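The lines below spell out each chain.
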Amino acid sequence: MFRKCLWQRVLLVLLAVAATLAMDIDDARAEYGDIVINNYSDAAGMRPAIFPHWFHRVRFRCKVCHADLGFKFKAGGNEINMVKIIDGQYCGACHNGELAWSVENCNLCHSAKPGTQTQVHESTVQKLAPATLQKK
Ligand code: HEC
Ligand code: HEC
Ligand code: HEC
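Just so you know, these numbers come straight off a predicted model, no measurement behind them. (Residues numbered from 1 in each chain as written. Chains lettered and ligands numbered in written order. Predicted model: local features only at pLDDT ≥ 70, side-chain atom pairs only at ≥ 80, totals over all residues.)

A few words now on the overall build of the chain. Along the backbone of the chain there are 7 helices and 3 strands. Secondary structure elements in the chain, listed N-terminal to C-terminal, are α-β-β-α-α-α-α-β-α-α. Counting over 136 residues, the chain shows a buried share of 15%. Across the chain, every contact between residues at least 6 apart in sequence was considered, and the portion connecting residues at least 24 apart equals 51%. (Helix = DSSP H or I, 4+ residues; strand = E, 2+ residues; numbered from the N terminus. Buried ≥ 20, exposed ≤ 12 C-beta atoms within 10 Å, placed from the backbone. Contact = placed C-beta atoms within 7 Å.)

Below you can see the structure in the form of structure tokens.
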């Protein structure tokens, strides 16, 4: 309950800031170092998922995800889907309403601008490679 309250307050502050800056809050939320995962989302009419890597890295050891949960070290390299997540795999190992908020919060994960390709947001490669090279 405390969590929810806090989150709502944070959200209000964010909204206020956004309004002040006259930003389009519907726009992509990906920040530097975030991973955008879009193997299936666009095709399914969902916004691509954003995985904030730093946010998670400060909370868990690499091993938790990259060994125990089996996440391969590659943006988009894991064939994640909702059946697996609801089954407790990948993001679903934690986003189950116990360790972290659960899957019904679709928009918290599916928050990238439609059409954003799978990438490490603003990675050097992404900046330097010509667009043609980035298409898978
Ligand atoms: C904890 C994060 C998270 C939450 C919450 C979440 N998703 Fe996803 N979802 C993902 C990830 C990651 C993928 C894989 C993205 C990709 O490759 O395009 C995905 C893929 C999908 C896909 C495409 C693949 C498939 O399974 O059909 C759909 C549709 C989808 N999600 C719908 C939803 C809906 C609807 C909700 C809310 C009920 C939801 N998601 C909640 C992380 C999440
Ligand atoms: C909470 C889970 C989690 C933790 C903890 C975590 N990672 Fe990741 N990591 C991921 C996910 C999810 C991806 C993206 C996989 C995908 O898109 O399918 C990823 C991707 C990566 C990539 C590939 C990025 C690219 O360029 O494609 C590297 C490298 C990486 N992680 C290193 C680390 C290191 C080093 C640590 C510890 C300091 C760490 N990760 C901790 C979940 C985690
Ligand atoms: C090892 C556990 C773990 C895994 C795996 C994991 N998460 Fe999380 N995630 C968390 C925790 C804990 C939080 C913080 C929850 C809270 O504040 O109540 C969080 C928060 C988030 C947030 C909100 C970040 C913010 O700024 O508040 C997003 C978005 C998110 N996760 C997406 C994902 C996606 C997408 C995946 C799968 C690719 C994933 N997570 C996998 C544990 C995990």
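Most peptide bonds take the trans configuration, and most residues that are not glycine carry a negative phi. One non-glycine residue, Glu79, lies in positive phi territory at about 45 degrees. For Glu79, the location among the structural elements is in the loop between helix H3 (62-68) and helix H4 (82-86). Notably, Tyr90 is not glycine yet its phi reads approximately 45 degrees, a positive angle. Within the secondary structure, Tyr90 sits in the loop between H4 and helix H5 (106-109).

A separate point is the site of ligand 3. In the region of ligand 3, 22 residues are neighbours, and Phe51, Cys91, Cys94, Ala100 and Cys109 sit closest. Considering every element that reaches the shell around ligand 3, the biggest residue donor is strand E2 (residues 49-51), with 3 residues. Class assignment for the residues of the shell around ligand 3 results in 18 nonpolar, 2 polar and 2 charged. (Near = placed C-beta within 6 Å. Nonpolar A, V, L, I, M, F, W, Y, C, P; charged D, E, K, R; others polar.)

Another aspect to go through is the site of ligand 1. In the vicinity of ligand 1 there are 23 residues, among which Asn39, Ser41, Asn81, Cys106 and Cys109 approach most closely. Those elements that place two or more of their residues in the shell around ligand 1 are H4 and H5. Looking at the shell around ligand 1 residue by residue, the class counts come to 15 nonpolar, 7 polar and 1 charged.

The strand order E2-E1-E3 describes an open sheet built from 3 strands, whose pairing is antiparallel. Across the chains shown, the open sheet's two edge strands, defined by having one partner strand only, are E2 and strand E3 (119-120). (Pairing = 2+ DSSP bridges.)

A separate point is the nonpolar core. Counting 9 residues, the largest nonpolar core consists of Val36, Ile37, Ala49, Ile50, Phe51, Ala75, Cys91, Cys109 and Ala112. Broken down by secondary-structure element, the contributors of at least two residues to this core are strand E1 (35-37) and E2. When residues of this core are assigned to their parent elements, the largest contribution, 3 residues, is made by E2. (Core = buried A, V, L, I, M, F, W, Y, C linked by C-beta atoms within 7 Å.)

Residues of the chain with pLDDT of at least 70 account for 67%, and the chain-wide mean is 82. Note that residues 15-27 has pLDDT below 50 and, in this model, 3 contacts with residues that lie over four places away or in other chains. (pLDDT = per-residue confidence, 0-100.)

This next bit is on the environment of Phe51. Mapped onto the elements of the fold, Phe51 is located in strand E2. For Phe51, the residues in contact, after removing those within four places along its chain, are Asp34, Ile35 and Ile37.

Moving on, we get to the environment of Met46. Inspection of the secondary structure assignment puts Met46 in the loop between E1 and E2. Look at Met46 and you get partly exposed, because 17 C-beta atoms sit within 10 Å. For Met46 and His110, which are 64 residues apart along the polypeptide, the C-alpha to C-alpha distance reads 6.8 Å. Residues within four places of Met46 in sequence aside, it is in contact with Ser41 and His110.

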